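The primary structure of each chain is shown beneath.
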Amino acid sequence: MKKINILVVEDDVSVRNLIVTTLKLHEYKYEIAQTGKEALMIVSSQSPDVILLDLGLPDIDGCEVISTIRSWSNVPIIVVSARTEDNDKIEALDRGADDYLTKPFSVDELLARIRVVIRRLNTVDTSGSSLYQNGNLCVDFIAGTVTMCNEEIHLTPIEYKLLCVLCKNTGKVLTHKYILKEVWGTALENDIASLRVFMATLRKKLEEKDPTTKYIQTHVGVGYRMIKH
């Protein structure tokens, strides 16, 4: 089985050493970059499987690094940053980051975030598939039907669109802005309240059929994520 190769982009020596030691102990391959330019060179030449990216780099802001990488690659990017404001998280996620971990962080949480994006790598792309399966949840994109535990769930058109967007980005944190653009075609601040209402009713319908499993995770102030089962 191929070893996952992780690019660690971090200029803080103590944080970098902690991450590298953790990756070694869990038998991940890794590369190190201390600047944004160095990171972009490694991504273009070595194609890592996952990127752990600090935003406060000495030469290029991490958000610019994300945008540049996203212009040619869909490699999973987990931001590991001391910036804790929701606006910073939202900007990084809107630029194309898959997840956001704030410093200080626990080693167990870091490993869990890495496992999530690796599962996404190993999941068959549903964008061109007519059938989506996640735990007891099944969505037939052609028929437009949703079943949970082999029982059909009746969703409103907006609830169904929301579910499809989440399913096609399983494991990835989607910002309010991204979801609003995909479902409503706009990203107005006033629409976030409506989004929360529809997401609550969608979650309730899923949980009524499978109360023991959590499918939709809320990231307060940021957005939502479909959990991979």
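Here is a short report on the structure shown in this document. Counting of residues starts from 1 at the beginning of each chain's written sequence and follows it residue by residue. For this predicted model, a pLDDT threshold of at least 70 governs which residues receive local features, and a threshold of 80 or more governs which side-chain atom pairs are given and counted, while totals over whole chains, interfaces and linings are taken from all residues. Calculated side-chain values reflect all of the structure's heavy atoms, with hydrogen atoms and water omitted.

Before going further, it helps to spend a moment on the packing of aromatic side chains. Any two rings among Phe, Tyr and Trp, with Trp reduced to its six-membered ring, count as a pair given centres within 6.5 Å; such a pair is stacked if its planes are under 30 degrees apart, edge-to-face if over 60, and tilted if neither. Counting across every chain of the model gives one aromatic pair. Where tryptophan 184 meets phenylalanine 198, the ring centres are 5.9 Å apart and the plane angle is 55 degrees; that geometry is what we call tilted. A residue pair is termed long-range when its members are at least 10 positions apart, and tryptophan 184 in the loop between helix H7 (176–183) and helix H8 (191–209) and phenylalanine 198 in helix H8 qualify at 14 residues. Tryptophan 184 gets classed as partly exposed once you look at its relative accessible area, which sits at 28%. Should the NZ of a Lys or the CZ of an Arg lie within 6 Å of a ring centre and within 35 degrees of the ring normal, that charge is described as sitting over the ring. A cation sits over an aromatic face here: lysine 168 above phenylalanine 141, 4.6 Å from the ring centre. Numbering goes from the N terminus for both helices and strands, where a helix is a DSSP run of H or I of at least four residues and a strand is a run of E of at least two. Each residue's exposure class comes from its accessible area (1.4 Å probe, protein chains only) as a fraction of the maximum for that residue type: buried when under 20%, exposed when over 50%, partly exposed otherwise.

It is worth spelling out the side chain of arginine 70 at this point. Here arginine 70 shows up in helix H3 (residues 62–70). Here a polar contact means two N or O atoms within 3.5 Å. Within protein one must be a hydrogen donor candidate and the other an acceptor candidate, and residues neighboring in sequence count only if both atoms are side-chain atoms. Within the structure, arginine 70 has its side chain in polar contact with the backbone oxygen of serine 73 (distance 2.9 Å). Setting aside residues up to four positions removed in sequence, arginine 70 forms contacts with Val75, Pro76, Ile77, Arg95, Gly96 and Asp98. For this analysis, residues touch if any pair of their heavy atoms sits within 4.5 Å.

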